[in-house]
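Structure at a glance
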Amino acid sequence: MRIGLPKEIKNHEYRVGLTPASVREFTSRGHEVFVQSGAGAAIGLADEQYAASGAVLLKDAAEVFAKAEMIVKVKEPQPQECAMLREGQILYTYLHLAPDPEQTAALVKSGAICVAYETITGPGGGLPLLAPMSEVAGRMSIQAGAAHLEKSKGGMGVLLGGVPGVEPAHVLVIGAGVVGTHAMQMAIGMGARVTVLDKNVDRLRQIDMVFGNRVKTLFSNSQTLEEKVLESDLVIGGVLVPGAAAPKLVTRSMVRCMKKGAVLVDVAIDQGGCFETSRATTHAEPTYVIDDVVHYCVANMPGAVARTSTFALNNATLAHGLALADKGWKQAMKDNPHLKAGLNVAAGKVTYEAVARDLGYAYVSAESLLA
């Protein structure tokens, strides 16, 4: 198969879909890989390394899209990239379609086979291709939150861990999944006072076993959520409904009553965000203020640590990418139901139920297209 690797063009996005080592895995199996010149240069992956791995370097994205049968990316295709997709071409990347009707419409129109990293499942449950970026984002959420609690960044002027004789900041983590767990780990390490809310009591038990009395675990209901949001200095939103829009758990009225200079970090912003006042921002302008509360809602947080994120992502995505190339998308999905769960749009049809429901499309099962 002919594999295409274009340079990412989203604001401050420096990750790359394939490392030179991953390219070598494809070329060693007889596949051709076309890499846009400079695709990995920003994170120290030079064109020469890609060439040494067997890739053919091309000058621009248009050439890559024209030659490739499968496009491997990191972030969702931007409008000009959607316009270059063609019928039957495989797109393998993060998509996050539920809160993005424009992208969904463009992918449906293209007729491409669109496989989303974030909905591919794992044998033991979970979302293994989303997990590494959730780990990065969870850890970064505390770094970002701590920085923006500083007065010069718009916050209340609180040191996350405090100092002897002065109490630390109170961090509330909403959601005890991958994002929440890594956020807790970082917040504890920095000396904060940490509370986590979740509806899964078994998960709260696990958190309690791991972190003990360093984290206060609470079952999430409307009253507890509101009480803890209002008393917190930093709130991390890490709630995920696979493939669907995130629930708006923190309301505008709650934000209005929060501490002045408190910080909200919405890690769920790729799926529309879990705060009612959230709107996607970029690394160029990461924050805005509503009712004296700082909102950090960067939609590609792991892009800030692009080299770490690229290698972590490739570790997770490579095996399924090779399966798609070796077998073709239909046979690969027949052989692996977990990969099949990643099919979101194919041949002009929406094949992921949550996306179809949230955006008003007729749902067509992946099985019907594989028959």
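Residues numbered from 1 in each chain as written. Predicted model: local features only at pLDDT ≥ 70, side-chain atom pairs only at ≥ 80, totals over all residues. Heavy atoms only, no water.

In this section: the overall build of the protein chain. A tally of helices and strands in the protein chain yields 15 helices and 15 strands. The C-alpha atoms of the protein chain give 21 Å as radius of gyration, which agrees with the globular expectation for 371 residues (21 Å, within 12%). With the C-alpha coordinates of the protein chain rotated into their principal frame, the extents come out at 65 × 45 × 35 Å. Looking at the 371 residues of the protein chain, the share that counts as buried comes to 54%. Both charge centroids of the protein chain, one from 35 positive and one from 36 negative side chains, sit 1 Å from each other. (Helix = DSSP H or I, 4+ residues; strand = E, 2+ residues; numbered from the N terminus. Rg over C-alpha atoms; globule rule 2.2 N^0.38 Å. Buried < 20%, exposed > 50% of the residue type's maximum accessible area, 1.4 Å probe, protein only. Lys, Arg positive; Asp, Glu negative; His and termini not counted. Charge placed at Lys NZ, Arg CZ, Asp CG, Glu CD.)

Turning to the sheet that holds strand β3 (residues 56-58), a few remarks are in order. Reading across the sheet, the eight strands line up as β3-β2-β1-β4-β5-β6-β14-β15 and stay open at both edges, with mixed pairing between neighbours. Each having just a single partner strand, β3 and β15 (349-350) make up the two edges of the open sheet. Taken strand by strand, helix α11 (residues 306-327) contacts β1 (2-5), β4 (70-72) and β5 (90-93), and its axis lies near 175 degrees from that of β5. (Pairing = 2+ DSSP bridges. Contact = heavy atoms within 4.5 Å. Axes fitted to C-alpha atoms, helices over the stretch in contact; angles between N-to-C directions.)

With respect to the helices, strands and loops of the structure, L318 is situated in helix α11. Along the primary structure L318 and L18 are separated by 300 residues, whereas in three dimensions their C-alpha atoms are 8.2 Å apart. If near-sequence neighbours (up to four positions away) are discounted, L318 is found in contact with S22, E25 and F26.

Inspection of every chain in the model, using the stated rule, returns two aromatic pairs. With 4.7 Å between their ring centres and 85 degrees between their planes, Y92 and Y117 make a pair best called edge-to-face. Pair noted here: Y92 is in strand β5 and Y117 is in the loop between β6 (113-116) and α6 (131-148), with a separation of 25 residues, a long-range link. Centroid distance Y94 to Y117: 4.9 Å. Interplanar angle 80 degrees. Geometry classified as edge-to-face. Here Y94 is found in the loop between β5 and α5 (101-110), whereas its partner Y117 is found in the loop between β6 and α6, with 23 residues between them in sequence. For the pair Y94 and Y117, a shared accessibility class is recorded, and that class is buried. Of the aromatic side chains, those joined through ring pairs into one cluster are Y92, Y94 and Y117. Here the guanidinium or amino end of R279 rests over the ring plane of Y288, the centre of that ring lying 3.8 Å away. (Phe/Tyr/Trp six-rings, centres within 6.5 Å; stacked < 30°, edge-to-face > 60°. Lys NZ or Arg CZ within 6 Å of the ring centre and 35° of its normal.)

With that settled, consider the nonpolar core. Across soluble globular proteins, nonpolar side chains show a tendency to be buried alongside one another. Ranked by size, the top nonpolar core spans 76 residues in total, and within it F26, M70, Y92, L160, V171, L234 and I236 carry the most contacts. Of all the elements, α11 adds the most residues to this core, at eight residues. Look past the residues within four positions of L234 in its chain and what remains in contact with it is I142, G145, A146, L149, L160, H170, V171, L172, V263 and V265. Residues L58, L95, L107 and V350 belong to the second largest nonpolar core, which totals 24 residues. (Core = buried A, V, L, I, M, F, W, Y, C linked by side-chain atoms within 4.5 Å.)

A word on the pairing of β6. Neither face of β6 is left uncovered, since the one carrying I113 and V115 and the one carrying C114 and A116 both have all their residues buried. Pairing analysis gives four bridges linking β5 to β6, with the strands arranged parallel. Considered in β6, the bridge of L91 is made with C114. On the question of chirality, the crossover connecting β5 to the parallel β6 by way of α5 is right-handed. Summarising the sheet, β6 and strand β14 (residues 343-346) pair through three bridges and their orientation is antiparallel. Across the sheet, the residue bridging to V115 is L343, located in β14. (Right-handed = clockwise from strand over helix to strand, strands pointing away.)

This next bit is on the packing of helix α1 (residues 20-28) against α11. Contact geometry for α1 and α11: axes closest at 11 Å, N-to-C directions at 20 degrees. Accordingly, the angle class assigned to the pair α1 and α11 is roughly parallel. For the crossing formed where α1 meets α11, the hand is right-handed. Contacts from S22, E25 and F26 in α1 reach N314, L318, G321, L322 and A325 in α11. Class assignment for the residues of the contact of α1 with α11 results in four nonpolar, three polar and one charged. (Parallel < 35°, antiparallel > 145°, perpendicular 65-115°, else oblique. Left-handed = near helix turned anticlockwise from the far one by under 90°. Nonpolar A, V, L, I, M, F, W, Y, C, P; charged D, E, K, R; others polar.)

Below, the discussion takes up the packing of α6 against α11. At a minimum axis separation of 8 Å, α6 and α11 run at an interaxial angle of 155 degrees. Classified by the angle between their axes, α6 and α11 sit roughly antiparallel to one another. Contacts from P132, M133 and V136 of α6 reach α11 at S309, A312, L313 and A316. Split into classes, the residues belonging to the contact of α6 with α11 amount to six nonpolar, one polar and no charged.

Our focus in this paragraph is a nonpolar patch on the surface. Together, L159, V163 and V166 give the surface a local cluster of nonpolar side chains, amounting to about 280 Å² of exposed area. With respect to the element layout, V163 can be found in the loop between α6 and β7 (170-174). With relative accessibility at 45%, the residue V163 sits in the partly exposed group. (Patch = residues over 30% accessible without salt bridge, like charges linked within 9 Å, V, L, I, M, F, W, Y side chains within 5 Å. Areas by Shrake-Rupley, 256 points an atom, 1.4 Å probe, with all protein chains shown as cover. Salt bridge = Lys/Arg side-chain N within 4 Å of Asp/Glu carboxyl O.)

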